[in-house]
Amino acid sequence: MTPTELSDQSPPQPSAASWVGAAETSEGRQELVEREETDPLELLRERGAVLRLPEGFVVDPGDVDIESPEDETMIINLGPQHPSTHGVLRVMVELDGETVLRTKPVIGYLHTGMEKTGEDLMYVQGGTNVTRMDYLSPFFNECVFSMAVEQLLGIEIPERATWIRMLMLELNRISSHVLFLATNGLDMGATSMMIYGWRERELLLAFFERVTGLRMNHNYVRPGGVAADLPDGWRDDVADIIEVLPGRLDEFDSLFTNQPIWRQRSEGIGVITREQAVALAATGPILRSTGVPWDLRADMPYLAYDQVEFDVITGTVGDVFDRYAVRLNEIRESIRIVHQILERMPNGDYRTQDSKVTPPPRGRIDESMEALIHHFKLFTEGFKVPAGEVYVAIESPRGELGCYLVSDGGAKPYRLHIRGPSFANLQCLPVMMRGGLIADGIAVISSLDPVLGDVDR
Amino acid sequence: MTDAGPTDGEAPAPEPEPEPERHAGALVTRSRGQEVLHPTLDTYLDTITALWDEGFDMCVDVTAADYLERPPRDLPPDIAPERFELVANLLAMDPPRRVRVRLQVPEAAPVVPSIWERYPGVEAYEREVYDMFGIRFEGHPDLTRILMPEDWEGHPLRKDYPIGRVPVQFKAAPPTR
């Protein structure tokens, strides 16, 4: 190195003028830019854990300055066809090495306009539409829709219908939670858990098929009650299920809860605090895992949940492990409720005898012309619902499932809105993933248990 | 003879108009036993702030409805009906109670102040309302389409957006040889 080169590198003496807005440093000229001059996009990007970039954000590879060491973060897409994103969820993540900085969930890939479709279907048909929203807990969708319609109609359903609904809801909660355990296990590398989870779910789906005729998308819960009475031998079927399950849950305990690898992989990962969860309107196991004992079944009872005993399971830390543990123990509570339902299932009608919403029994149609006409008109014209609006919410396996229903007095809803719990819960993702590793991000997505049919509707 | 009115020919003293019920500065109606508040565009943020102070910790849902076809609806006499209605459902945990806020939004200028600063959880819901109804939220950090593609035209849940407007193209089956 020659002396002339050395002298070239010596920093130039700062002139008086250059101190006003800029400074020459060893790394070049640095200056503060007026706030108005900062790109609005840059400002938005600096707020919190959410990456606020347009969904179509594309960088031309030619524009990337590979030599420059300044910009070391990169933005990549996870999904929408990634096997760990539970459907068609796309997550834009900003990475610094393997550390996640900001995240943006991009949704809409499964949007099929079901709320719009709902405005074009009669109340008697509405169940077939809403049951396909959260396809892992179809009974909940049907139930919340039916409860909203009943509240607008101002009718009461018979006691047996209430308890049949509770039975199906709790069994559905179990089947949804075991599927969570299955997918959660799969995402974290416990492949055997996936097989176990699907096996337990099969027990429940077989029972649903016996009762409703379908394994999923049942359209069983209808305004005014349920579509059919429980089949002969249902008690034995249910008793078999809840006899088998507790032993299997203990197996999961030894497979996961007491397993050091699982605990290291899930403890302290994806933490969300109680304040953050409440602020982001997270409900269900996510809110309970932070220690908030909020369960609509206990706090705002509907159906006959005030007559059964169960505990609200809460966590303490709000990490991936807590969310797993809350759901596992909620299965046990659901089994407890099913035991009580088995003991107390009342006799009587399975649907209301209000002939406005209930078709005449099949036998009457063969002998009575009026019954035939009544049946025909009910299924071609539907029943009219008095004008008004109502919001009904129940506790689905994923959180608060709400239905906002507006009627204009006709046979079709004027506006049908379903408040999907996954839609709100997904907003917690950037908070949970911030500062963690990308591999933990997979565990976090899994622990949210999103159902994209519920998110996009 | 029950509600026949006064019979002595003397006009009854006019009863003083009962003060309309207000909650958090907004007029109150009941819908199937549920409490509904009707603020105006100017008092919307104040009502939300007052409800927050009362302990409504969570804004569980924000949605809207398009009353283009003017169906009957229950509004206090002082509130003028507009085409759009913004509906926010708030939840208090202790003691458990709900309240619904319905805000009239004019068709000419569908702009509403965002409550994102107060309830960060409404971010996705306000984006959905913008996407589906074209109601804009002032102060929202990232008001873009959320369910529809970014270059989509129109707002699907408006009543003047018909079903099946998008032409579906069926291509002939390719020849087998």
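Each value, and the rule that gives it
- Residues numbered from 1 in each chain as written.
- Chains lettered and ligands numbered in written order.
- Predicted model: local features only at pLDDT ≥ 70, side-chain atom pairs only at ≥ 80, totals over all residues.
- Contact = placed C-beta atoms within 7 Å.
- Helix = DSSP H or I, 4+ residues; strand = E, 2+ residues; numbered from the N terminus.
- Nonpolar A, V, L, I, M, F, W, Y, C, P; charged D, E, K, R; others polar.
- Pairing = 2+ DSSP bridges.
- Expected span 1.5 Å × (residues − 1).
- Buried ≥ 20, exposed ≤ 12 C-beta atoms within 10 Å, placed from the backbone.

Novice: Got a minute to help me understand the interface of chain A and chain B in this structure?
Specialist: Note on interface size: it is often stated as the accessible area lost on association of the parts. At the interface, 41 residues of chain A touch 33 residues of chain B. Contributions of two or more residues to the side of chain A that touches chain B are made by helix 3 (114-118), helix 5 (138-153), helix 10 (274-279), strand 8 (388-396), strand 9 (399-407), strand 10 (413-419) and helix 16 (421-425) of chain A. Across the side of chain A that touches chain B, the residue classes tally to 18 nonpolar, 10 polar and 13 charged.

Novice: Explanation requested: the sheet that holds strand 1 (residues 22-23) of chain B in the structure shown.
Specialist: All names here are of chain B. Taken together, 6 strands build an open sheet; the order of strands is 1-2-3-6-5-4 and the sheet is mixed. Each end of this open sheet is capped by a strand with a single partner; those strands are strand 1 and strand 4 (58-66). Here strand 5 (residues 84-92) pairs with strand 6 (residues 97-105) via 9 bridges, running antiparallel. Residue pairing across strands places Asn89 opposite Arg100, the latter belonging to strand 6.

Novice: Can you walk me through helix 8 (residues 234-257) of chain A in this structure?
Specialist: Helical periodicity: at 3.6 residues per turn, an α-helix aligns residues three or four positions apart in one direction. Residue and element names in this part refer to chain A. Over its 24 residues, helix 8 runs 33 Å from end to end, which matches the ideal 34 Å to within 8%, given 1.5 Å per residue. Along helix 8, the residues classified as buried are Val238, Leu245, Phe252 and Phe256. Where helix 8 is buried, its residues contact helix 6 (159-187), helix 7 (191-212), helix 9 (260-266) and helix 13 (320-344).

Novice: I'm lost on the environment of Gly284 of chain A in this one. Help?
Specialist: Residue and element names in this part refer to chain A. Along the chain, the position of Gly284 falls in the loop between helix 10 and helix 11 (285-289). Note: C-alpha distance between Gly284 and Arg323 (39 residues apart in sequence) is 9.8 Å. Setting aside chain neighbours within four positions, we find Gly284 in contact with Arg398, Gly399, Glu400 and Pro421.

Novice: Please clarify how the pairing of strand 2 (residues 26-31) of chain B should be interpreted in this entry.
Specialist: Both faces of the sheet carry side chains from a regular strand, because those side chains alternate between them. All names here are of chain B. Bridge count for strand 1 against strand 2 is 2 bridges, and the pairing is antiparallel. From the neighbouring strand, His23 faces strand 2, where its bridge partner is Ala26. What sits between strand 1 and strand 2 in their antiparallel hairpin is a turn of 2 residues, with Ala24 showing a positive phi close to 55°. Connecting strand 2 to the antiparallel partner strand 3 (residues 34-38) that follows it, the hairpin turn spans 2 residues, and Arg32 within it adopts a positive phi of roughly 50°.

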